[in-house]
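# Fold and geometry: a report
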Amino acid sequence: SVVWREKPQLPLDPSFSNLISRIAPYMTFRQISYVLNSSGRPSNHWQPFDLKRLRYVYSVKKKVQEISESYGGLSFLPQSFFVSIFLGEATRSSLRAPMDIVAENHVKPEAADHTKRTVLSKLRRHRLEGSSRLTEEDNEGFVMSPASRVASLSNLHLQHEQPRLASKYNSSSGVEDLLGDSLLGPQDVAILLQAGLTSVMKGSTVVQLNQRMLLDLMASQPRTFAIAVLAELGTPGSQGVPRALTSALMAFIEMDQSSFKPAHRIDIHNLLESWLPGLKIPRRDDYLAGGRWARQSYYDAIFGVSVSILDLAEVYSGLKLRIQRVRHSNESDPVPGPKEESFLTGVETSSDEFHNNANSKLATSINAAKEKIATADDLGKSAVFELKSSGKPSKECASCASAISAYKKAFAACAQVLSLDKNAFQAHWFKSFFRRNYDALMVKSVYDNVIEDVDNVRIWMDALRRGSSLRSTVPVCDGLESNYPRSILDDLDKVFSPISSTQGENSFITNPFFACPEKQKEQDIVDAIIAALFYDPSEREFIANDPLVRLLIPNDPGNYNFTIITAMGVITEGKKGRELEKAVERLKKKRGVVTVRADTGTARSVDYNANKIEEAVEQAVKLGRPYGLVGYSQGCANEFNFESLMLSGTPDQQKLLISSETGLICRQLLFSAANGSVHGPAGEAKAHQLITMSEDFFKYQQGYFSRAFISSTLNIINDILDSAAFQKFMGGAQSFFPDALKAFWREAQHMSHIPTCVLRGVLEQHTTPESLEMISNLLSKQSGSRLHDSQVHVYDALEPSQ
């Protein structure tokens, strides 16, 4: 690996060349593409066989990648024929490796010990012994592809030689047992199996032959390979979700084999049990009315098997992450932080020693920044006192100009500190000042929109002001939650009632405040904005007393060298979406900031959406500007996943993040669902209960309907649960499930020097749309608190590190 990184002009060591070719099926398509096309190595640096294998795996993965997002519908009817073209060659080539090894070692097949057989050979032998002898007519009518014949018949006597000859590939037989000889990785096999299970032509001979070839390939590999394929079913490439795997497993067990004669069909239950020692695969007939387990749930039984499969696949998951992810630090490494704190926690523990260290340019800059912030705050307090007493706007106040100038010097001093220590913003004093600026700019933005009458801001702010005026002054619970008088809040007519002349001259209705901002004092408008937007009383008080907010300091005029990448929520139209449309147009017109919408999909997995964000970033990088990520709801999880995948990916992918000219420089989370939502586990529990209740209902109906009707109904249910749309939906929902989130954050890597801003929301009765009342009440009941935005609780919407 040192030669690969530091000496690209030297040929690769044969053992290292062989290792890369061996693990190629487990690598991502981007990794193989980089190794072949972007590494700058000529072909003569590789061993000929290894290069040939790499190129073949690349072509196969490219085809599988095209299939992964295009299967399971009428529009993909010819797909099975296309799959059979390369699948037969891939399975045949996968089984040539052990045959070639035998030839090299002069091992005669006749001398092979037939006591060690593959799984399929044992199953066929058991079946043939218990059945009558097949006639020649039966054999002539049996259709089997060449690859299937190699996997299930001609190569059976060679399987016992693989462990003995594993040293040909690697000195450790343990690695051989994990990797196998397949040119298709577990994820590739799972995608092709899933495409066949969801095909609208399951009865087609071509589809069933494809499935048989995949089963033969799985059976010819080590048992861990088959377990890995099963774990990838449902949501290939993502963290395993038992719910999705359960649906896929039910369809897998009931796989259509009608094109084969009964004697040539595989007992899927026995096959799975041979791969999963100690587990008993449930049979549907045992759970129907009259079966031995009729009182129990078949779905529950399959769900339990799915959980066990994912547990058994942890070794594979670790291997896959080891191969596909680059780790930039170990768990034992200290968490990156500001150099100031690192100094204080080191040998020199005195704060005075750090700040008085004349040789430290950073210490001098930090001291200067703190002094300038303190000076600016003092001038700001005096200026605010003058503003309130005189009633003048900030632009006409002389002391305000001095305070604003002092704050801009503080901004420059903080920028100097950040240039010396990119993690400096994590220091308490820096973070506090950063947050004050964030709140101040938010208030300034709303103020400008009110004055300029942008969109319907004045109408919305008047509605918010009327609703916020009904808030109780009762102290909040847990620092946030307050209890409102129901008699007032239940009567929303007082908030949104039409203007009436009988309500008095001083009413909120007859005298709308924001509708006529020219009649109001500047600081009164600021007070009204703060009261309407901020929920926590202590936060409202702090912001209202902050001179940085009161002075309404704008950003410097002119165009900005910056690009925005947006990723919206779980329901989105992607790049055709219209979220924040007017704001994006104004930003481009006023600041020259270009916004690129990632083409994320509705209810799609975080990995799928991360790939779409990567495409948007590649488009943005062409502009030659640094960029920031703006995510809403699940879009935040998608963006975190994108960053993690890029940071742990190929050098080309890492460059998309770390480039000083076109890299990532900030994140903005809007009502983030990156930590999941209570809706996830609550919805999962409800869905599970609904399925089991429906199962009980159908069992009762068996006494009234024929077995044929019941079988047809069960087939329809299987088709729905294993359809492409349902599986993709489950992939999109996994980001809300605790198990998937734990797995995601366990492996996630992010850049510590990128500042993250978080905007959270709390719905109140005057801000809850009628269409969200039910889901809002659901979340209140499920979480036991009303501190949420109907989708995510405020404590879940924090940045992960918080």
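For the structure, see preceding data.
The text that follows walks through the structure, step by step, so that each part is easy to find. (Residues numbered from 1 in each chain as written. Predicted model: local features only at pLDDT ≥ 70, side-chain atom pairs only at ≥ 80, totals over all residues. Heavy atoms only, no water.)

Before going further, it helps to examine the environment of L418. You can see L418 is positioned in helix 23 (residues 398–420). When the C-alpha positions of L418 and F430 are compared, they lie 9.5 Å apart, and in sequence the two are 12 residues distant. Not counting chain neighbours up to four residues away, the residues in contact with L418 comprise A424, F425 and F430. (Helix = DSSP H or I, 4+ residues; strand = E, 2+ residues; numbered from the N terminus. Contact = heavy atoms within 4.5 Å.)

To continue, consider the pairing of strand 1 (residues 563–567). Counting buried residues in strand 1 gives 5 out of 5 residues, a clear majority hidden from the surface. Burial along strand 1 is two-sided: the residues T563, I565 and A567 and I564 and T566 are all buried. Bridge analysis of strand 1 against strand 2 (residues 594–597) gives 4 bridges, and the strand direction is parallel. Following the sheet pairing, T566 is matched in strand 2 by R597. With respect to chirality, the unit in which strand 1 leads through helix 31 (residues 581–591) into the neighbouring parallel strand 2 is right-handed. Inspection of the sheet shows strand 1 paired to strand 3 (residues 627–632) by 5 bridges, in the parallel sense. If you follow T563 over to strand 3, its bridge partner there is Y627. (Buried < 20%, exposed > 50% of the residue type's maximum accessible area, 1.4 Å probe, protein only. Pairing = 2+ DSSP bridges. Right-handed = clockwise from strand over helix to strand, strands pointing away.)

Across the sheet, 5 strands lie side by side as 2-1-3-4-5; this open sheet has parallel pairing. Whereas interior strands pair on both sides, the edge strands pair on one side only; in this sheet they are strand 2 and strand 5 (756–759). Taking each pair of neighbouring strands and ignoring which way they run, the sheet shows an average axis angle of 20°. Relative to strand 4 (residues 664–670), strand 3 is paired through 6 bridges, and the arrangement is parallel. (Axes fitted to C-alpha atoms, helices over the stretch in contact; angles between N-to-C directions.)

Working note: non-glycine residues mostly have negative phi, and peptide bonds are mostly trans. Here the phi dihedral of L552 falls at roughly 50°; this positive angle occurs in a residue that is not glycine. Relative to the helices and strands, L552 is located in the loop between helix 30 (547–550) and strand 1. Owing to a relative accessible area of 6%, L552 belongs among the buried residues under this scheme. Backbone geometry at F671 places phi at a positive 50°, although glycine is not the residue there. Looking at the secondary structure, you find F671 in the loop between strand 4 and helix 35 (679–701). Among the residues examined, F671 registers a relative accessible area of 26% and is labelled partly exposed.

Keep in mind these numbers describe shape, not what the thing actually does.
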